[in-house]
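Structure at a glance
Residue strings, one per chain:
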Amino acid sequence: MKRSLLSFLLLLSASFVFAQKAPGVVKGTLQDGGGSQALDDATVSVMAAKDSSLISFTLTSNSGYFEIKNLEDGSYVLIVSYTGFETLKKPFEISKEKPVADLQVLKMEKAYQTLTEVVVKDDAPIKIKGDTLAYNADAFKTKPNATVEDLLKKMPGLTVEKDGTVKAQGENVQKVYVDGKEFFSNDPKLATKNLSADMIDQVEVFDDMSEQAKFNKIDDGSRSKAINLKLKKDKKKGVFGKASAGYGTQERYDGSLNANFFKGATQVSVIAKANNTNNIGFTISDMMGMFGSGGFGGMGGGGMTMIGGGRGGFPMGGFSGGGGGSAGITKTASAGLNYRDTWSAKFDVNGSYFYNNAENSNLKNTIREYTTLNRLQNQQSNSINLNGNHRFNFNLNYQVDSFNSIIFQPNISFQNSSTYREDTSAVFEGDNRRLVSNVRSIVDNAGDGINWSNNLIWRHKTRKPGRTLSVALSNQWNNSDRNTYSITEGSYYDDAGLKSNENNRRFTDNDNSTENYSATVSYTEPLSRNKILEVNYGYIRNFNGSDRNTFDYDPVTGKYDDENFQLSNNFENYNISNRFGTNYRFIEKKYNYQLGIAVQNTLLKSNNLSKNTEIDQRYRNIFPTASFQYQFARSRSLRLNYRGRTNQPSITQLQDVVDETNPPYYRVGNPGLKQEFSNNISLSYNFFDMVKFRNIFALVNFSNTYDKIVDNVMTRNYPAAYKNYENPGSQLSTYANLDGVYNLTGAFNIGFPIKKMKGGNFNTNTRITYARNGNITNNIKNYSKNLVLGEDLRLSYNLKEKLDMGLGASVNYTKAKYTIASPLNANTSYFTQVYSADITYIFPKNFILSNDFDYTINPEQGDNTDRDFAMWNAGLGKQFGKNKRTELKLSVYDILEQNRSFSRNVTENYVEDVSNTVLGRFFMLSFTYNLNRMGGKSMLPPVIERATRNIRIQ
């Protein structure tokens, strides 16, 4: 295996040998044909004359000058595009005798509207449109039948993690739009994992904001990364999609459908998926809903997950992107429909329905070393989790008239879930690791719930540009009811070795409800051409209620009818706030900034109805905000943001009733918690070198929190009300407020093409996190300082649409130091490494060989020497038909039978190593058919044609 690693590194290094420069150069100056005015920032592209493939491109300087280097001998076509001018095409030659093609002065003629529509294709790989980066999808070649996720991996500045999470410029992408409209609400993976790459014309990356902020151009703190997928024009009318079905050894199966029915403004998309190979295809939170993880991913514990290794699943599409998003083995079935239409000039609508059902089974082993205690825990958990979810979303945009518009967004979801879990936990203490407790527990719970929300926005603009008024109303209501049966059998040993036993059987009915209402009003007034003043008011009223009733098992009656008043509680929490604020925005061509301040009065009220106790807390907070952006050039910008915010404690953190679901570790809320206040500062820098096609993204973010809500851990001297839980090896945790917590993160990304390797692109991403977290252990404040350094390298290469290759390496270093620590594990530091290769090659007669290889080096885990492993998946497919729409493929997963699932988690008071169940080796035969019927009349199936015709407003 070490030889495999060495071979990989040699291959990665050898790829750069091709980067030696070719001598050819083309240059010239661009001017307006009607005079001698220089045309700056025009896009100049060089295409190969024989096949029109893109070789390189650049932008003209302020004087109109351009120069493109490193051209091999051959025939080329220079294509120049500039807004308002006719596209200019100029052929030229590069040879050993004449390596420099000096085109002197090139004149561009202004474009005039004609009766005949002229379509000009712009082949520049990337453009900058204000704050938006637009990638030309055709400039980034992908393997056959690739998804959008595969396409994004090729693009500089974008990364796709193993679970399918997309990052742009170091930030998580929160939303993916299709042609500017929502696609299945706010789940990015439903678009990136289910849409085909060949549908996409452009990928636009931008900072998304709330509807209110988009309207009045005032940053309200809702900024987040988003992607818009612009479809090709020939994909906007017709029927297209893909269907696949596969069956393999060990009774593995995987089937999926993606169908799109487009006719003008009417667009209907259908997706469906069913498999038992961890190929989930949607965000894991869709399974969690309002109940939380319910066992998916195993036991929590807070803190940060520093590293991970291993594959949980089997990706059918050539093995790109790794396995599924959950530990264990997941059997899933999902289906959804997305609808978009323009009913009239006034009504624009889109909505979706999505259903998923997932069953996850997992055997998890955890070795946890407490850094603040001389204690070691060894736990084994065997769980089965079932989750079902129905989700409806709708978005109606009503243009009342030229001055008024209304946006209405209702959403509703229904969920049911159940969890069965058996845990065995042994705790050891002291230098000689003496056994102090051995606990076995069984938890069986089930519940259902409903979540309903509405957002209504009225937007008004006047004849005076910049003067606007907008009002936003929203409400959220949800209710969940969960029943839990638990059995606990524990043995505890004191210092003398004397044993005490604990046995209990309980039933708990927990009814939770939430009612949230908010209203915001924003008015903007232009002070001059480039100055805007905004005043705003916001009202929020949040209610959370938890009614928990617990009953002990009565062996005499054989029923759960003995009410346990200590574990029963009826608790309510209110959070009511009024906020007044103002913002001043100044805009110039090169820079703009915004300064703001707000004052908020907050009432935090907790009412324990069972104990007849009430706590009122009142706060007055000042929220300063500031942002500054400087545009050095169209391809280079700097952005600085500052924002203060508060965070209210949750009802779980406030409710003072013991949670017994993870013995011998118990947790209870603290109704006296204060709210948190955080300061957040971020600085980002974006740069594109259009001459060398290099991109640089840098991001630094710092935040500190006052009154941070942290764990307050006790292993002795429990409060009197909880003395019955104080056993050897047990732990009681509650919550407390603590100052001195901060977090610093940074990301630095560089990407550039390897011009000698036409179709080659290299990306490097450097990551750093330095965090100071805290908790309280046995009344002593404990702070942890965690440093994480990471480096990701990826080389992508596509050769004449025959070879598609991706080589990657990821190295992470983690170091943690604690102010108080156990004698045996004061501090920790370790490396983890992942080296990967994704290679697809198309042989003659349309045979396709795909390989996906990962070699993972994990940190040491005690005496476990079998922690490093190699994952190799491969598939051989054959495409049939004139248009290669049909593919038959034989795949094998985990050829070497080395699959592992391992992760190390570092928190404020412990370090743990976790291993989970993984899929074993299996073979699968799959069949895929690509549907593509574009243009013509009546492309929609009759049922959908009639349905859309009937609902259209005439």
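Scroll up a little and you will see the structure.
Below is a short write-up of the structure. As the structure is a computational prediction, the values presented were derived from the model and not from experiment.

How each quantity is defined
Residues numbered from 1 in each chain as written. Predicted model: local features only at pLDDT ≥ 70, side-chain atom pairs only at ≥ 80, totals over all residues. Heavy atoms only, no water. Helix = DSSP H or I, 4+ residues; strand = E, 2+ residues; numbered from the N terminus. Contact = heavy atoms within 4.5 Å. Areas by Shrake-Rupley, 256 points an atom, 1.4 Å probe, with all protein chains shown as cover. Pairing = 2+ DSSP bridges. Axes fitted to C-alpha atoms, helices over the stretch in contact; angles between N-to-C directions. Salt bridge = Lys/Arg side-chain N within 4 Å of Asp/Glu carboxyl O. Phe/Tyr/Trp six-rings, centres within 6.5 Å; stacked < 30°, edge-to-face > 60°. Buried < 20%, exposed > 50% of the residue type's maximum accessible area, 1.4 Å probe, protein only. Lys NZ or Arg CZ within 6 Å of the ring centre and 35° of its normal. Core = buried A, V, L, I, M, F, W, Y, C linked by side-chain atoms within 4.5 Å. Patch = residues over 30% accessible without salt bridge, like charges linked within 9 Å, V, L, I, M, F, W, Y side chains within 5 Å. Lys, Arg positive; Asp, Glu negative; His and termini not counted.

Okay, the overall build of the chain next. On a plain count of helices and strands, the chain comes out with seven helices and 48 strands. If you take every contact in the chain between residues at least 6 apart in sequence, the share linking residues at least 24 apart comes to 67%. For the chain, the exposed surface amounts to about 42,900 Å²; the carbon and sulfur share of it is 54%.

So, about the sheet that holds strand β1 (residues 24-32). Strands sit in the order β4-β1-β7 across an open sheet of three strands; the sheet is mixed. Pairing within the sheet leaves two strands with one partner each, and these edge strands are β4 (65-71) and β7 (100-108). Within this sheet the neighbouring strands show an average axis-to-axis angle of 15°, counted without direction. Strand direction decides the pairing type here: β1 and β7, joined by seven bridges, are parallel. Following the sheet pairing, K27 is matched in β7 by D102.

It is worth spelling out the sheet that holds strand β5 (residues 74-81) at this point. The strand order across the open sheet built from four strands is β3-β2-β5-β6, with neighbouring strands paired in antiparallel fashion. Strands with a single pairing partner mark the edges of an open sheet, and in this sheet they are β3 (54-59) and β6 (88-94). Within the sheet, the average angular offset between the axes of one strand and its neighbour, ignoring direction, is 20°.

The final tally for this structure, using the stated rule, is 31 salt bridges. The closest approach of N and O atoms between K611 and D656, which form a salt bridge, is 3.3 Å. Remark: D656 occurs in the loop between α6 (651-654) and β33 (665-667) and K611 occurs in the loop between β30 (591-608) and β31 (613-633); sequence separation between them is 45 residues. Linked by salt bridges that have partners in common, D207, D219, R223, K225 and R639 make up one network.

Applying the stated criterion across every chain yields a total of 30 aromatic pairs. Here the aromatic rings of F702 and Y742 are separated by 6.2 Å at their centres, their planes lie at 35°, and the arrangement is tilted. In this pair, F702 is assigned in strand β35 (residues 694-706) and Y742 in strand β38 (residues 741-754), connecting sequence segments 40 residues apart. The partly exposed category is assigned to F702, whose relative accessible area is 31%. Looking at Y742, the relative accessible area reads 26%, which means it is partly exposed. Arranged with centres 6.4 Å apart and planes meeting at 35°, the rings of Y742 and Y770 form a pair that is tilted. Taken together, the residues Y742 in strand β38 and Y770 in strand β39 (residues 760-777) connect sequence positions 28 residues apart. A relative accessible area of 28% places Y770 in the partly exposed class. R505 extends its terminal NZ or CZ atom over the ring of Y553, reaching a point 4.3 Å from the ring centre. The ring centre of F847 lies 4.8 Å from the NZ or CZ of K878, which sits over that ring.

Let us now look at the nonpolar core. Buried together is how nonpolar side chains tend to be arranged in soluble globular proteins. Among the nonpolar cores identified, the biggest contains 38 residues, and Y135, L152, I200, V203, I227 and L229 are the most heavily contacted of them. When near neighbours in sequence (up to four residues on either side) are disregarded, Y135 contacts P125, I126, F140, M155, P156, G157, L158, D201, Q202, V203, V205 and F688.

A separate point is a nonpolar patch on the surface. A cluster of nonpolar residues, F628, L640, I681, L683, V700, F702 and L744, forms a patch on the protein surface that exposes about 520 Å² of accessible area. For the nonpolar patch, the elements supplying multiple residues, two or more each, are β34 (676-689) and β35. In this fold, L744 is placed in strand β38.

So, about the environment of I227. Inspection of the secondary structure puts I227 in strand β15 (residues 224-231). A residue is classified by how much of its surface remains accessible, and I227, at 1% relative accessible area, is buried. Note: C-alpha distance between I227 and V205 (22 residues apart in sequence) is 4.7 Å. In this structure, I227 is in contact with L152, V166, V173, K175, V176, Y177, V203, E204, V205 and F206, ignoring residues within four places of it in sequence.

What follows concerns the side chain of D32. Position of D32 among the secondary structure elements: in strand β1. Summary of buried charges: D32 has no salt-bridge partner, and the nearest side chain of opposite charge, K110, is 4.7 Å away.

Here the bond from P663 into P664 is cis, since omega is 5°, no more than 30 degrees from zero. Within the fold, P664 resides in the loop between α6 and β33. The phi angle at D707 is positive, at roughly 55°, despite the residue not being glycine. Mapped onto the elements of the fold, D707 is located in the loop between β35 and β36 (708-714). The partly exposed category is assigned to D707, whose relative accessible area is 25%. Although it is not a glycine, N717 sits at a positive phi angle of roughly 55°. Positionally, N717 belongs in the loop between β36 and β37 (731-738).

Strand direction decides the pairing type here: strand β25 (residues 468-493) and strand β26 (residues 499-528), joined by 26 bridges, are antiparallel. If you follow N483 over to β26, its bridge partner there is D509. Hairpin connection, β25 to β26: the antiparallel pair is bridged by five residues, and G497 has positive phi, about 85°. Relative to strand β27 (residues 531-554), β26 runs antiparallel, the two being bridged by 22 bridges. Bridge pairing in β27 places R506 opposite D552.

Sheet analysis places strand β16 (residues 237-248) next to strand β17 (residues 253-263), joined by eleven bridges and oriented antiparallel. Bridging across to β17, S244 finds its partner in S256. Counting the residues between successive antiparallel strands, the hairpin from β16 to β17 contains four residues, one of them, Q250, with a positive phi of roughly 55°. Sheet analysis places β17 next to strand β18 (residues 266-275), joined by ten bridges and oriented antiparallel. Bridged to G255 within β18 is A274. What sits between the antiparallel neighbours β17 and β18 is a turn of two residues, in which G264 has the positive phi angle 65°.

Our next topic: the environment of G746. Residue placement: G746 occurs in strand β38. By relative accessible area, G746 is classed as buried at 15%. Along the backbone, G746 and L683 are 63 residues apart, and their C-alpha atoms lie at a distance of 9.4 Å.

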